[in-house]
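A closer look at the structure
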Amino acid sequence: MDNQELIEVNSEIDRINTRVENIERIAATIEDLAEKGVEAFVKHMDHKEETQQKELELDNAKHQRELELENTIHKRSVIIVGATVVGVVALVFTAMILGEKELVKTILTSSLAIGAGIGIKSALNKKGS
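Summary of the structure given here.

Calculation notes
Residues numbered from 1 in each chain as written. Predicted model: local features only at pLDDT ≥ 70, side-chain atom pairs only at ≥ 80, totals over all residues. Heavy atoms only, no water. Helix = DSSP H or I, 4+ residues; strand = E, 2+ residues; numbered from the N terminus. Buried < 20%, exposed > 50% of the residue type's maximum accessible area, 1.4 Å probe, protein only. Areas by Shrake-Rupley, 256 points an atom, 1.4 Å probe, with all protein chains shown as cover. Expected span 1.5 Å × (residues − 1). Patch = residues over 30% accessible without salt bridge, like charges linked within 9 Å, V, L, I, M, F, W, Y side chains within 5 Å. Salt bridge = Lys/Arg side-chain N within 4 Å of Asp/Glu carboxyl O. Lys, Arg positive; Asp, Glu negative; His and termini not counted. Charge placed at Lys NZ, Arg CZ, Asp CG, Glu CD. Polar contact = N/O pair within 3.5 Å; in protein donor to acceptor, adjacent residues only side chain to side chain.

Assigned secondary structure in the protein consists of 3 helices and 0 strands. When the helices and strands of the protein are listed from N to C terminus, the series reads α-α-α. Put simply, the protein has 129 residues, and 5% of those count as buried. Total accessible area computed for the protein in this model is approximately 11,600 Å², and 62% of it derives from carbon and sulfur atoms.

Each full turn of the α-helix corresponds to 3.6 residues, which orients residues three or four apart in the same direction. The end-to-end C-alpha distance of helix α1 (residues 3–97), which contains 95 residues, comes to 139 Å, matching closely the 141 Å that a straight helix rising 1.5 Å per residue would cover. Gly99 sits one or two residues past α1 and shows a positive phi near 80 degrees.

Attention now goes to a negative patch on the surface. A grouping of Glu31, Asp32, Glu35 and Glu39 is seen on the molecular surface, where their side chains present a negatively charged patch. As for its position among the elements, Glu35 is in helix α1. In this structure Glu35 comes out as partly exposed when scored by relative accessible area, which is 42%.

Scanning the entire structure with this criterion turns up 1 salt bridge. Across the pair Arg15 and Glu12 runs a salt bridge, and its minimum N-O distance is 2.2 Å. Taken together, the residues Arg15 and Glu12, both in helix α1 and 3 residues apart, mark about one turn of the helix. The exposure class of Arg15 is partly exposed, given its relative accessible area of 42%.

Attention now goes to a nonpolar patch on the surface. A surface patch of nonpolar side chains, amounting to about 360 Å² of accessible area, comprises Val38, Phe41, Val42 and Met45. Note that Phe41 resides in helix α1.

What follows covers the environment of Arg25. Positionally, Arg25 belongs in helix α1. For Arg25, a relative accessible area of 52% corresponds to the exposed category. A polar contact of 3.1 Å, which involves the side chain of Arg25, links it to the side chain of Asn22.

Function-wise, these values are silent; they only describe arrangement.
Here you go:
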């Protein structure tokens, strides 16, 4: 081999080495991008899971508050109906003791009419049932 061929071969080797270095640099860049992409995806999934967990906790708390409110309303309704019944019974009992049979009939008739008017059944039942 003469010098000219040797120079061409060395030049070709240098050019191939440069290309291989460029390919290695591109491969390293792609590997870094892939790692960062996977990390970003994992962070996104973790954030999404945390968000869903918080939404579930908020929904549970809201449902619990609705149940407590419904229970409070029901307790108040029962107390009001109970107090009304006790009041009517006390009036009827008092009228019976005083011997006012006509007053007893009036109290019972009025109480039943008022009870039917406001709908005792609907007062004791939940909405929508």
